[in-house]
Amino acid sequence: MLRRINESPLGTRFILGGSSGMYGVSETIPALTEDIDVMVDADWLAAQEDTVLEHMRQLGFDHQSGTPTFTSASGLSLDLVGYSRRDIADRIGGGKELPVMVFADLSRLLSLPGPTRDLPGGGRVLSPATLAAAKLLTIRLEKGSKDKLQALLVIAENAGDDVFLRHLHDLLGAFPVDRVEDAIADAHAAVLAVSADVVAAGPQAAGYAGMHAKLEQGFAILQRLAGRAEARP
Amino acid sequence: MSARPRTTAERYARFLRDQEVHRRISLERRMHPRFRRDLAVVPHLFLLPGRARMAALERPPEAVRLALRGEAIWTLDTAARLLTGQGFVVSPDLTGYLTEAAFEGAAKQGLIGTPLTGGLSIDPLYHRPPMLIAHLTDVPPPSTTLPSGERVVTWEFLIRDVMGTLGWRPDLLTRLEARRPS
């Protein structure tokens, strides 16, 4: 389905992101979702709402009125997530029939260099550093830990990639210090929650142990990038 | 729960709610003067599955501790007691890093009983016999040797172990650091 979307006129406008963005940046990190999130310029969407609805209909998607959600007969759910090149503010944007949330952080991240990369089969996905930064900065009470853990795993997976590390450093540098501190504290809390999980799961949870080592690595790198690391023993 | 997707307006309301709650969480964290400093700590998982073992002590804790003097690198409550004179959990366990051979040797010497398969905790909510809780590793953590000849993890590593085992406990960390030997 993603390939069909990417081959349609919407392919150049949609950017794969959210947890489904994991499919585009890693073959090992679990996306932990079957839903698709695509980022879209909310101001363009406002002007092209009818066209987007028609293209999505031709692709086999039903739009749920008043929502940013499309569903297919096969059960696939696709959400549009808005960003803006016009302003950096949290708001509702898009069209009357097809309103979308517009996120300030996403708008800022997508205005900075290197926000996306091309997918081999066509279409675009958030670049690994942009995806990691977006997940670190995302505030969601119910699913916030998942975002932080995925971000740390992306960081660990790209630990040897200087371009990625420099990019993430620059992205975090574009946000106020207290936002970055909160992002690190949230990641800290997520790692601690996994630690408790690992212990509770017991010796059968060998997979957890390997994951925890990567989370530790990702967290240490994040601290270093954010200038928070102390000399380690 | 309804299968209907949330409207954008509902999502926005939820987003604002989450932001407000998060703001409160952020303020609560920042109430602790050590908030920024502790962000630099990478929690270390002492009770790592596959590495952590636990067995009941067959001799008094003091005797087992001394018998393992050359082998164990003590951490958590045991290290805190050795370094500051006070621990922070009730259970009189010994917690330390050992090689697998040293752990097996302790069993052969009759210092500990048969390793248990579950119930790993340094802070159980029930009474149990004193345990040796060991993290088995051939790569010892950074340590210092006390005048008694016993080894304990470095202070920085102790803080990492505390966080990785008990979570972020600014109250406990502050009390612990107040007793840190100069």
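For every chain, the first residue of its written sequence is number 1, and the numbers climb from 1 along that sequence. Here chains are named by letter from A upward and ligands by number from 1 upward, in the order in which they appear as written. This being a predicted model, a pLDDT of at least 70 is required before a residue's local features are given, and a value of 80 or more before pairs of side-chain atoms are given or counted; all residues contribute to the totals for chains, interfaces and linings.

As for the packing of helix α5 (residues 104–111) of chain A against helix α6 (residues 128–137) of chain A
Residues and elements named next belong to chain A. In contact at an axis separation of 10 Å, α5 and α6 are set at 160 degrees when each is read in the N-to-C sense. With respect to α6, the axis of α5 lies roughly antiparallel. Relative to α6, the crossing made by α5 is right-handed. Mapping the contact onto sequence places D105, L106 and L109 in α5 and T130, A133, A134 and L137 in α6. Within the contact of α5 with α6, the residues separate by chemical class into five nonpolar, one polar and one charged. Helix axes are fitted only over the stretch in contact, all axes being lines through C-alpha atoms; the angle between N-to-C directions runs from 0 to 180 degrees. The helix count covers DSSP runs of H or I at least four residues long, the strand count covers runs of E at least two residues long, and both are numbered beginning at the N terminus. The cut-offs work like this: below 35 degrees is roughly parallel, past 145 is roughly antiparallel, 65 to 115 is roughly perpendicular, and the gaps in between are oblique. It is the rotation of the near helix from the far one that decides the hand of a crossing: anticlockwise by less than a right angle makes it left-handed, clockwise makes it right-handed. C-beta atoms are placed from the backbone for every residue, and two residues are taken to be in contact when these atoms lie within 7 Å. Gly counts as polar in this scheme, as do all residues outside two lists: the nonpolar Ala, Val, Leu, Ile, Met, Phe, Trp, Tyr, Cys and Pro, and the charged Asp, Glu, Lys and Arg.

Considering the packing of α6 of chain A against helix α7 (residues 144–157) of chain A
Residue and element names in this part refer to chain A. Between α6 and α7, the least distance of the axes is 8 Å, while the angle of their chain directions is 150 degrees. One element, α6, and the other, α7, form an angle in the roughly antiparallel class. For α6 against α7, the interelement crossing comes out left-handed. Packed against α6, whose contacting residues are P128, L131, A132, K135 and L136, the element α7 presents D147, K148, Q150, A151, V154 and I155 at the interface. A breakdown of the residues in the contact of α6 with α7 according to their chemical character gives seven nonpolar, one polar and three charged.

So, the interface of chain A and chain B
Contacts between the two partners involve 40 residues from chain A, matched on the other side by 34 residues from chain B. Listed by contribution, the elements that provide at least two residues to the side of chain A that touches chain B are β7 (99–102), α9 (177–201) and α10 (206–225) of chain A. By residue number, the principal contributor to the side of chain A that touches chain B is α9 of chain A, which donates twelve residues. Residue classes in the side of chain A that touches chain B are distributed as 24 nonpolar, nine polar and seven charged.

Section: the confidence of the model for chain A
As a per-residue measure, pLDDT reflects the predictor's confidence and takes values from 0 up to 100. In this model, chain A carries a mean pLDDT of 88, and residues with pLDDT of at least 70 account for 93%. Of all secondary-structure elements in chain A, the lowest mean pLDDT belongs to helix α2 (residues 22–25) of chain A, at 78, while β7 of chain A reaches the highest, 97.

Concerning the sheet that holds strand β4 (residues 131–136) of chain B
Residue and element names in this part refer to chain B. Spatial strand order, β1-β4-β3-β2-β6-β5: six strands in an open sheet with mixed pairing. Taken across any chain shown, the strands that pair with only one partner, and hence form the sheet edges, are β1 (52–56) and β5 (143–145). At least two DSSP bridges between two strands are needed for those strands to be called paired. Bridging between β1 and β4 involves five bridges; their strand directions are antiparallel. Bridge pairing in β4 places A52 opposite H135.

Concerning the pairing of strand β3 (residues 94–98) of chain B
All names here are of chain B. β3 sits mainly inside the fold: five of its five residues count as buried. Side chains L94, G96 and L98 of β3 all project onto a buried face; the interleaved residues T95 and Y97 project onto the opposite face, where all are buried too. Relative to β3, strand β2 (residues 73–74) is paired through two bridges, and the arrangement is antiparallel. Bridging across to β3, I73 finds its partner in Y97. Judged from the five bridges that link them, β3 and β4 form a sheet pairing that is parallel. Here exposure depends only on C-beta density: within 10 Å of a residue's C-beta, 20 or more other C-beta atoms make it buried, 12 or fewer make it exposed, and intermediate numbers make it partly exposed, the C-beta atoms being placed from the backbone.

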